[in-house]
Amino acid sequence: MAGLFDSMDIRGVRLKNRIVVSPMCQYSAIDGMPNDWHLVHLGSRAVGGAALVLAEATAVQADGRISPEDTGIYDESHVEAWARITRFIVEQGSVPGIQLAHAGRKASTAPPWKGGKPVGEDQGGWSPIWSASALPFADDYQTPLALDSDGIRAAVLAFRTAAERSLRAGFRVIEIHAAHGYLLHQFLSPLSNRRSDAYGGSFDNRTRIVLETVEAVRSVWPGDNPLFVRLSATDWVQGGWDLQQSVELARILSSREVDVIDCSSGGAVPGAKIPIGPGYQVPFAESIRREAEIPTAAVGLITDPIQAAAILESGQADLIVLARELLRDPYWPRRAAKELGVELEPPPQYARAW
Ligand SMILES: Cc1cc2nc3c(=O)[nH]c(=O)nc-3n(C[C@H](O)[C@H](O)[C@H](O)COP(=O)(O)O)c2cc1C
């Protein structure tokens, strides 16, 4: 089994270790445009030694942004702004990746530090917002319109165009965001999908848009470049999307040229009871890896180097994804290496400190 500092080859891409920066919305863009904040935020984590730096949930359509301050790749002008960032990440010996996303019925909300609640047009928000069915996420959210078949086709095409732009922007990994109650997850979960057409009802119908999105992205994303999908392995709610369906979907995705399932959970509906604790989602990565026979990424309250190494060494996952711990310490990989007795070369500019 792999160690935390073993490399991993996925298609034509070599990750120098198993540490991944989790996509994290920064709510700091104007009109979808990444800027100096994103360069420093993502760049410093590349300097910190993570092998793969995944940029935040980046909208494929303007009305699919979670907040007016989300990054996007829905306009040609975004490409060069992202390219500046990917060039820097590559210069640090890390691999730049992007999470492509559509917020669906969770669109048009405020950043968490401004309350996170839906915002109207006076605060940069928009209407309508879209989903699988005309069901609001919560009482105080806008009621979305259900996408018709043309709308679904447009959303899938937007993922394809975004993938093509991501390539030109220098990204080497795409992660499709099908978790946390955003648009693709809204189709997967029976809690948010009440459709009676080809996109609702049975497992095959609810997963259709995800498979179409994967196919559309893969049609422009070179065979050399890895494709990840982030799933919420369970809604943590009776009658919702669950681990068994995730395993089944992961098995299909593995046959559709998806390389890694990033195993998160929750987000479909408010109020789910989630037993949060250290490594609480790791068992999902383990089950999906074993039962669907596809590499997995483990995420969620992984903070300690020994804990991270043990997850890999026990074969529960292939990659370790960290979010908040890397906000607290962008140099976590260097600290982990020291703790695990591994030599990690610092950037030459910092060599005198090591
Ligand atoms: C500030 C912040 C922003 C986040 N934004 C995203 C995002 O854009 N996409 C996503 O899939 N998850 C997002 N998440 C969830 C994280 O990627 C991660 O799955 C979660 O925080 C659990 O990992 P942790 O315990 O290491 O923080 C975000 C989390 C934080 C703290």
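Cut-offs applied
- Residues numbered from 1 in each chain as written.
- Predicted model: local features only at pLDDT ≥ 70, side-chain atom pairs only at ≥ 80, totals over all residues.
- Helix = DSSP H or I, 4+ residues; strand = E, 2+ residues; numbered from the N terminus.
- Contact = placed C-beta atoms within 7 Å.
- Buried ≥ 20, exposed ≤ 12 C-beta atoms within 10 Å, placed from the backbone.
- Pairing = 2+ DSSP bridges.
- Near = placed C-beta within 6 Å.
- Expected span 1.5 Å × (residues − 1).
- Core = buried A, V, L, I, M, F, W, Y, C linked by C-beta atoms within 7 Å.
- Right-handed = clockwise from strand over helix to strand, strands pointing away.
- Axes fitted to C-alpha atoms, helices over the stretch in contact; angles between N-to-C directions.
- Parallel < 35°, antiparallel > 145°, perpendicular 65-115°, else oblique.
- Left-handed = near helix turned anticlockwise from the far one by under 90°.

### Side note on the overall build of the protein chain
Part 1 of the argument: Counting its regular elements, the protein chain contains eleven helices and twelve strands.
Part 2 of the argument: Seen along its three principal axes, the alpha-carbon backbone of the protein chain occupies a region of about 60 × 40 × 40 Å.
Part 3 of the argument: A fraction of 71% describes how many contacts in the protein chain between residues 6 or more apart in sequence connect residues 24 or more apart.

### A short note on the pairing of strand β12 (residues 319–322)
Part 1 of the argument: Burial of β12 is two-sided: the residues L319 and V321 facing one way and the residues I320 and L322 facing the other way are all buried.
Part 2 of the argument: Pairing analysis gives three bridges linking strand β3 (residues 19–21) to β12, with the strands arranged parallel. Residue pairing for β12: V21 is matched across the bridge by L322.
Part 3 of the argument: Looking at chain direction, strand β11 (residues 296–299) and β12 are connected through three bridges and run parallel. Within the sheet, the bridge partner assigned to V299 lies in β12 and is V321.

### Remarks on the site of the ligand
Part 1 of the argument: Lining the immediate environment of the ligand, one finds 20 residues, of which S22, M24, A57, A323 and R324 sit closest.
Part 2 of the argument: Of all elements in the fold, only β4 (52–59) and α10 (324–328) reach the threshold of two or more residues within the shell around the ligand.

### Things to note about helix α1 (residues 36–47)
Part 1 of the argument: Spanning twelve residues, α1 covers 16 Å between terminal C-alpha atoms, matching the ideal 16 Å at 1.5 Å per step.
Part 2 of the argument: Among all positions of α1, only H38, H41, L42, G43, R45, A46 and V47 are buried.
Part 3 of the argument: Turning to α1, the residues buried within the fold contact β3, β4, α2 (77–91) and α10.
Part 4 of the argument: G49 sits one or two residues past α1 and shows a positive phi near 110°.

### Considering the nonpolar core
Part 1 of the argument: Counting residues in hydrophobic clusters, the biggest one holds 104 residues, and the most contacted among them are V20, F159, A298 and I320.
Part 2 of the argument: No other element matches helix α3 (residues 149–168), which puts seven residues into this core.
Part 3 of the argument: The residues touching I320, leaving out its near neighbours within four places in the chain, are L4, R18, I19, V20, A298, I302, A308, I311 and L312.

### Topic: the pairing of β4
Part 1 of the argument: Summarising burial for β4: eight of the eight residues are buried, a large majority.
Part 2 of the argument: Looking at chain direction, β3 and β4 are connected through two bridges and run parallel. By the bridge assignment, V21 is partnered in β4 with V53.
Part 3 of the argument: Inspection of the sheet shows β4 paired to strand β5 (residues 95–101) by seven bridges, in the parallel sense. Paired with A59 across the bridge in β5 is A101.
Part 4 of the argument: Remark: the β4/α2/β5 crossover connection has right-handed handedness.

### Focus: the sheet that holds β3
Part 1 of the argument: If you trace the eight strands once around the closed barrel, you get β3-β4-β5-β8-β9-β10-β11-β12, paired in parallel fashion. The mean inter-strand angle of the sheet, taken between neighbouring strand axes irrespective of direction, is 25°.
Part 2 of the argument: Taken strand by strand, α3 contacts β5 and β8 (173–178), and its axis lies near 165° from that of β5.
Part 3 of the argument: Contacts from helix α8 (residues 282–292) reach β10 (260–264) and β11 within the one sheet, and its direction differs from that of β11 by about 170°.

### Quick look at the environment of P305
Part 1 of the argument: Inspection of the secondary structure puts P305 in helix α9 (residues 305–313).
Part 2 of the argument: With 20 C-beta atoms packed within 10 Å, P305 lands in the buried category.
Part 3 of the argument: It is 8.4 Å that separates the C-alpha atoms of P305 and P333, two residues lying 28 residues apart in sequence.
Part 4 of the argument: Contacts of P305, omitting those with residues within four sequence positions, involve L4, A336, E339 and L340.

### Some points on the environment of P96
Part 1 of the argument: Within the fold, P96 resides in strand β5.
Part 2 of the argument: For P96, a count of 26 C-beta atoms within 10 Å gives the class buried.
Part 3 of the argument: In contact with P96, other than residues within four places in its own chain, are V53, T86, I89, V90, G170, F171 and R172.

### Section: the packing of α1 against α2
Part 1 of the argument: α2 packs onto α1 with a crossing angle of 15° between their chain directions and a minimal axis gap of 9 Å. On the basis of their axis angle, the class for α1 and α2 is roughly parallel. For the pair α1 and α2, the sense of crossing is right-handed. Facing α1, whose interface residues are H38, L39, L42, G43 and A46, α2 presents R84, I85, F88 and I89.

### A word on unusual backbone geometry
Leaving glycine out, the prevailing phi sign among residues is negative, and the prevailing peptide bond configuration is trans.
Part 1 of the argument: The omega torsion across S127 and P128 is 0°, close enough to zero to call that bond cis.
Part 2 of the argument: Within the secondary structure layout, P128 lies in the loop between β5 and β6 (130–131).
Part 3 of the argument: Backbone geometry at W236 places phi at a positive 60°, although glycine is not the residue there.
Part 4 of the argument: Along the polypeptide, W236 turns up in the loop between β9 (227–232) and α7 (243–255).

The quantities given are spatial measurements derived from coordinates; they are silent on function.
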